[in-house]
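Residue-level listing of the chains:
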Amino acid sequence: MGAIDRLFGRKTTGPKAPAREEKQSATAALRGAESLWMGWADPRWTGRVYEKLAEEGYRKNVIAHRAVRILAECAASVPLRLYRGDKKLAYHPLLELLERPNPSQGRAAFFESAYAFLNIAGNSYLEAALGPDARPTELYVLRPDRMKIVPGLGGWPKAYVYSLSGHQHSFAVDQVTGESLILQLKTFHPLDDYYGLSPLEAAAYSVDIHNGASGWNKALLDNSARPSGALVFEPKEGNASLSREQFDRLKAEMEENFQGTHNARRPLLLEGGLKWQQMAFSPADMDFINAKHVAAREIALAFGVPPMMMSIPGDNTYSNYQEANRALWRLTLLPMMDKMMSSLNRWLTPQFGNDLTLSYDQDAIPALNADRQALWQRIGQADFMTLNEKRAALGLGPLPNGDSLS
């Protein structure tokens with residue numbers, strides 16, 4: 001079944017939930033009224049130009065590209081765990097679904113796409129395709145530039161509209177329960193109620209500076225590493241300007257003998273009152289290298305990746321690579337993964353049982369081994385805790401006769 005058949009040939013509503021009393025924020029009606037007054041009741045595309053962010057940021061900028069790949073690939077590599085209460089489940093249909101979400105992707109590729117879109121666009125959309133039993137049987141990551149949100153009066157989306165190849169499909173959102181076949185993951189945006197703020201948008205100026213520096217450097221190399229300038233005619237006597245014949249001959253000789261990489265380092269012979277006048281800053285005058293490194297550090301900062309891990313020279317906050325790697329996980333990756341797990345536990349996990357909790361295996365992260373060993377050592381030396389209290393602090397289940405201090 002093709003992508004269009006999948007998107008436009010399935011149900012648009014999820015399984016019926018028990019009727020609930022409608023509750024909403026006291027300001028929800030104001031936000032809905034604002035949407036109507038501003039003309040937002042019609043489908044509204046994202047307020048940023050996603051194509052530009054993806055082209056200039058991810059495709060052309062090596063720092064932003066590497067930062068997105070580090071975040072997406074590292075977060076997607078962590079194994080998932082499913083719990084029923086305190087018991088870890090080794091087998092469950094939900095784990096099977098997440099291990100192979102759809103025919104073309106495995107777990108790592110699926111979550112890598114979701115995390116990458118979240119960091120490039122500030123929004124990531126997951127679609128659940130329902131089976132005969134009204135449970136999700138396939139999961140898909142949808143491109144954020146193809147998705148638009150129809151605001152609702154309750155302060156949350158009324159529908160998600162996906163456009164592909166001239167077709168549109170609307171995924172309804174239950175205005176009482178908020179249930180939908182679409183899960184939107186978004187970063188915080190202080191000025192938008194419906195769309196997230198892309199880290200690339202926050203780093204846009206630095207991306208432009210870094211790309212501009214790379215383009216200028218390439219153009220300089222194409223010009224044989226010579227900064228631009230002018231040939232000034234300073235006659236000692238006679239005419240104050242070159243004749244037309246002299247001008248054409250000089251132009252032809254410059255183009256043929258002194259421009260392009262194949263003429264690099266060829267000496268320029270000036271005669272007849274000609275003098276070279278430099279008209280551009282040299283790389284040293286521009287502090288070219290340092291300016292490019294500053295822009296690179298700002299891009300890495302927007303994504304929360306330590307510059308040391310991107311091999312960007314300069315003032316390093318962390319004393320070694322291991323410490324920087326641990327900070328990356330603690331300050332950036334774990335919060336991003338917590339957001340993903342929290343959203344899946346609200347949107348997907350209840351479809352398989354209300355007593356299930358989806359999480360990730362933090363013990364499988366090598367960068368956190370030192371922190372974990374220190375925690376084990378502190379808890380192991382805590383004589384005031386029972387064995388089961390120590391196991392509970394480590395996320396382990398209780399043991400028989402483990403409630404005694406002895």
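The structure this text deals with has already been given above.
Residues numbered from 1 in each chain as written. Predicted model: local features only at pLDDT ≥ 70, side-chain atom pairs only at ≥ 80, totals over all residues. Heavy atoms only, no water.

(A) Geometry of the sheet that holds strand E8 (residues 182-186). A sheet is described by the order of its strands in space; here 3 strands give the open sequence E4-E3-E8, paired in antiparallel fashion. Two strands bound the open sheet, and with one partner strand each, they are strand E4 (136-142) and E8. Strand-to-strand, the axes of this sheet are offset by a mean angle of 20 degrees, without reference to chain direction. The pairing of strand E3 (residues 123-130) with E8 spans 5 bridges and is classified as antiparallel. Considered in E8, the bridge of Tyr125 is made with Gln184. Set on the sheet, helix H6 (residues 107-121) makes contact with E3, E4 and E8; between it and E3 the angle comes to about 145 degrees. Packing of helix H11 (residues 321-347) onto the sheet brings it into contact with E3, E4 and E8, and relative to E8 it is tilted by some 155 degrees. (Pairing = 2+ DSSP bridges. Helix = DSSP H or I, 4+ residues; strand = E, 2+ residues; numbered from the N terminus. Axes fitted to C-alpha atoms, helices over the stretch in contact; angles between N-to-C directions. Contact = heavy atoms within 4.5 Å.)

(B) Inspection of a nonpolar patch on the surface at higher detail. There is a patch of nonpolar side chains on the surface, built from Leu375, Trp376, Leu394 and Leu396 and spanning about 340 Å² of accessible area. Along the chain, Leu394 falls in the segment after helix H13 (387-393). A relative accessible area of 31% places Leu394 in the partly exposed class. (Patch = residues over 30% accessible without salt bridge, like charges linked within 9 Å, V, L, I, M, F, W, Y side chains within 5 Å. Areas by Shrake-Rupley, 256 points an atom, 1.4 Å probe, with all protein chains shown as cover. Salt bridge = Lys/Arg side-chain N within 4 Å of Asp/Glu carboxyl O. Buried < 20%, exposed > 50% of the residue type's maximum accessible area, 1.4 Å probe, protein only.)

(C) Up close: helix H4 (residues 62-76). Here H4 contains 15 residues, and its C-alpha end-to-end distance of 21 Å stays within 8% of the 21 Å for a straight helix at 1.5 Å per residue. The complete set of buried residues in H4 reads Ile63, Ala64, Ala67, Val68, Ile70, Leu71, Ala72, Ala75 and Ala76. Put simply, Asn61 is the residue that caps the front of H4, since its side-chain oxygen is 3.1 Å from the backbone nitrogen of Ile63. (Expected span 1.5 Å × (residues − 1). Polar contact = N/O pair within 3.5 Å; in protein donor to acceptor, adjacent residues only side chain to side chain.)

(D) Highlighting the packing of aromatic side chains. Taken as a whole and judged by the stated rule, the model has 3 aromatic pairs. Ring centres 5.2 Å apart and planes at 90 degrees place the aromatic pair Phe110 and Phe111 in the edge-to-face group. What makes Phe110 buried here is its relative accessible area of 1%. Three or more aromatic residues joined by ring pairs form one cluster here, namely Phe110, Phe111 and Tyr115. (Phe/Tyr/Trp six-rings, centres within 6.5 Å; stacked < 30°, edge-to-face > 60°.)

(E) Structural context of unusual backbone geometry. Backbone geometry at Ala134 places phi at a positive 65 degrees, although glycine is not the residue there. Tracing the sequence through the fold places Ala134 in the loop between E3 and E4. Of the residues examined, Ala134 reaches a relative accessible area of 24% and is grouped as partly exposed. Even without a glycine there, the phi angle at Ser311 is positive, about 60 degrees. Structurally, the position occupied by Ser311 is in the loop between helix H10 (288-303) and H11.

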